[in-house]
Amino acid sequence: MQFTNQVFTLSKQLFKKAKSFPKVHLALAGTLTAVSVFVAAMLPSQDVEATRNQVQLIKPAETAATVAPAARVETVEKVVKLPAVDTQEALSTPDLVSVPDTPAEQAINWQEFKVRSGDNLTKIFKRAGLNARDVYQVSQSDKEKLLTRIRPGQILELAINAGELERLRLVKNKLESVEFIHNGDSYDLNTIERTPEIKTHFVSGDIQNSLYLGAQRAGLSDKKIMELAQIFGWDIDFALDIRKGDQFRVLYEEKYLDGKKIGEGNILAAEFTNNGDTFAAVRYTDSTGDTNYFTPDGRSMRKAFLRSPVDFRRISSGFKPQRHHPVLGIKRPHRGTDYAAKTGTPIKASGDGKVIWRGTKGGYGRTVILQHGGNITTLYAHMSKYNSKVTSGTRVKQGQTIGYVGMSGTATGPHLHYEFRVNGVHKNPMTVKLPVAQPIPKKQLARFKAQTSQLVAELQMKAIEQLAEIGSDNNNG
Ligand SMILES: [Zn+2]
């Protein structure tokens, strides 16, 4: 396909143009084919020059639907038609929903009545100029007694034609209404369910001081920030690993109704570049309906251990956490990681395991040691107190609170001292290779690729668009 080749060339140009960008873009080369197919799909009738000119622009048609204020934010319709046969399956993602058009209603003259405090159907009908017979007929048809449960603020829509109540519509919520349609002496009920239109939304940003602030500035909601941290939290210690200049890219769903954003959906694909290393994740629902995040080549993002046993939002130190560092000329070797946090901050078990020590242990103060599978133990020191339910011999789950930050033992301030040992040998908790959850089985790999490659391509395409912006900025000096 000639078009694809052109895009490929364009992508390569962009690729050359940018002088300094993180490793991930090297991976772009590998995904260019997918990207090209995607571009072909997105722009079936436009030529490449047009593409090049447009990449800096937020297209006018999309602007109205764009909500977040960040500059590098775009909303794109998700439904695309692919010409290639073998990619058809990629479109059958169950999450993608097309919205049925609302039926034509030109002929119906709707009047809106807001339910007031102390209202009932009789009062509302009276305001609308209807009579007791209308109330009776509607009430008789209302087998579920929906209209006796109306609440102040709810909307009743009435269609009155020549003094006759033709239709009544009770708006239950944004997505569900019940319509009463006049039929002789009674009314037929019809439930109208609306499906929100799902659009994918791309947000990217970099980090100046913290993931939270950086992501917030880019327009991500608190919920999305937490989800992002959860997806990558197995690989990245968001409490201590974060560096100024770290970058993230997120592709997620937004729900729209009548052109208005009514909510957010799932994160579909994301990338996080931490200290030059890029991690990518894509959402996948398997044939049994189980949903998880995987690397684009099908390895699970989940690990047997959390990278950090303390919630990143609770860490008091920023980019220069107060931790001892064996390389920095500390005389006594420091064999763990210190997390400075307020006294009382919950400490989480980093993996499933069994408590083999709970008690005071010299300079460690109040200490819990967990025994995990694979001859791994983790140690948590300087606690202010233990979780009373966690005693020696207790089995704990990953993420379960086992105690609280303090400064018992030898400590100059409240912090968690965390150690990770494999076969009794201390490992750096921040860099130790953690055992991973099951990857996508080989038999399901084709299905996985079909469902996720387009998402990865879309995310990468956005990355290319951004490089184009950066490239043009450079050219302009
Ligand atoms: Zn320490």
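Residues numbered from 1 in each chain as written. Predicted model: local features only at pLDDT ≥ 70, side-chain atom pairs only at ≥ 80, totals over all residues. Heavy atoms only, no water.

Let's shift gears to the coordination of the zinc ion. Looking at the metal site, the zinc ion is ligated by His334 (NE2), Asp338 (OD), Asp338 (OD) and His417 (ND1), spaced 2.0 to 2.7 Å from it. Geometry at the zinc ion is irregular, judged from the four donor atoms that bind it and their angles of 53 to 153 degrees at the metal. Each donor residue of the zinc ion belongs to the same chain, with the gaps between them written as H-x3-D-x78-H. For the pair histidine 334 and aspartate 338, one class covers both residues: buried. (Donors = N, O, S within 2.8 Å, 3.2 Å for Na, K, Ca; no water. Tetrahedral: all angles 85-135°; square planar, octahedral: opposite > 155°, others 65-115°. Buried < 20%, exposed > 50% of the residue type's maximum accessible area, 1.4 Å probe, protein only.)

Here we have three strands laid out as an open sheet, ordered S13-S19-S17, and antiparallel in their pairing. At either end of the open sheet lies a strand with only one pairing partner, and these are strand S13 (346-348) and strand S17 (385-386). Here S17 pairs with strand S19 (residues 401-404) via two bridges, running antiparallel. Considered in S19, the bridge of tyrosine 386 is made with glycine 403. (Pairing = 2+ DSSP bridges. Helix = DSSP H or I, 4+ residues; strand = E, 2+ residues; numbered from the N terminus.)

A separate point is the environment of isoleucine 315. Examined against the element boundaries, isoleucine 315 turns out to sit in the loop between strand S11 (291-294) and strand S12 (337-340). When the C-alpha atoms of isoleucine 315 and threonine 345 are compared, they prove to be 8.9 Å apart, with 30 residues separating the residues in sequence. Once residues lying within four places of it in the same chain are set aside, the contact partners of isoleucine 315 are Ala239, Leu240, Val310, Tyr339, Ala340 and Ala341. (Contact = heavy atoms within 4.5 Å.)

Below, the discussion takes up the pairing of strand S6 (residues 186-193). On a regular strand, one side chain projects to one face of the sheet and the next to the other, so that they alternate. The pairing of strand S5 (residues 176-183) with S6 spans eight bridges and is antiparallel. Note on S6: the bridge partner recorded for isoleucine 181 is aspartate 188. The turn joining S5 and S6, which pair antiparallel and follow one another in sequence, is formed by two residues; a positive phi near 70 degrees is taken by glycine 184.

This part takes up the confidence of the model for the protein chain. When pLDDT is averaged along the protein chain, the result is 78; 72% of the residues meet or exceed 70. Scored below 50 in pLDDT, residues 318-330 makes 20 contacts in the model with residues more than four places away or belonging to other chains. (pLDDT = per-residue confidence, 0-100.)

Bringing the pattern of salt bridges into the picture now. Working definition: two side chains of opposite charge can pair if their charged atoms are close together. Applying the stated criterion across every chain yields a total of 19 salt bridges. One salt bridge connects arginine 169 with glutamate 157, and the closest N-O pair in it is separated by 3.2 Å. Highlighted residues: arginine 169 in strand S4 (residues 164-173) and glutamate 157 in strand S3 (residues 155-161), separated in sequence by twelve residues. Taking relative accessible area as the criterion, arginine 169 reaches 12% and is therefore assigned buried. Among the salt bridges present, the one from aspartate 235 reaches lysine 303, with a minimum N-O distance of 2.8 Å. (Salt bridge = Lys/Arg side-chain N within 4 Å of Asp/Glu carboxyl O.)

Pairing between sheet strands relies on hydrogen bonds along the backbone, with the strands arranged either parallel or antiparallel. Taken in spatial order, the five strands make up an open sheet running S2-S3-S4-S5-S6, and their pairing is antiparallel. Two strands lie at the open edges of the sheet, namely strand S2 (110-114) and S6, each paired on one side alone. Recorded for the sheet is a direction-independent mean angle of 25 degrees between the axes of neighbouring strands. As paired elements, S2 and S3 share five bridges and run antiparallel to each other. (Axes fitted to C-alpha atoms, helices over the stretch in contact; angles between N-to-C directions.)

We now examine unusual backbone geometry. At alanine 162, a residue that is not glycine, the phi angle is positive and equals roughly 50 degrees. Structurally, the position occupied by alanine 162 is in the loop between S3 and S4. Residue alanine 162 is classed as exposed on the basis of its relative accessible area, which comes to 77%. Positive phi outside glycine occurs at asparagine 375, with the angle close to 60 degrees. Residue placement: asparagine 375 occurs in the loop between strand S15 (366-371) and strand S16 (376-383).

Below, the discussion takes up the nonpolar core. Buried together is how nonpolar side chains tend to be arranged in soluble globular proteins. Grouped together as the largest cluster of nonpolar side chains are 50 residues, with contacts concentrated most on Leu211, Phe232, Phe248 and Ile402. Those elements that provide at least two residues to this core are helix H7 (211-218), helix H8 (222-232), strand S8 (247-257), strand S9 (260-274), S15, S16 and strand S20 (415-422). Among the elements that make up this core, the one with the highest residue count is H8 (five residues). Residue contributions to this core reach at least three from each of two domains, namely domain 1 (2-93 + 198-302 + 445-475) and domain 3 (312-427). With 21 residues, the next largest nonpolar core counts Leu130, Val135, Leu146 and Ile160 among its residues. (Core = buried A, V, L, I, M, F, W, Y, C linked by side-chain atoms within 4.5 Å. Domains from an automatic or database assignment.)

The periodicity of an α-helix, 3.6 residues per turn, causes residues three or four places apart in sequence to face the same way. Along helix H6 (residues 132-141), the residues classified as buried are Asp134, Val135, Gln137, Val138 and Ser141. Packed against the buried residues of H6 are helix H5 (121-127), S4, S5 and S6. Two or three places before arginine 133, at the start of H6, stands the capping residue asparagine 131, its side-chain oxygen 3.1 Å from that residue's backbone nitrogen. (Polar contact = N/O pair within 3.5 Å; in protein donor to acceptor, adjacent residues only side chain to side chain.)

Now for the packing of H7 against H8. Interaxial distance between H7 and H8 falls to 10 Å at its minimum, and their mutual angle equals 130 degrees. Overall, the two elements H7 and H8 adopt an arrangement that is oblique. Crossing geometry of H7 relative to H8 is assigned as right-handed. Packed against H7, whose contacting residues are Leu211, Tyr212, Ala215 and Gln216, the element H8 presents Asp222, Ile225, Leu228 and Ala229 at the interface. (Parallel < 35°, antiparallel > 145°, perpendicular 65-115°, else oblique. Left-handed = near helix turned anticlockwise from the far one by under 90°.)

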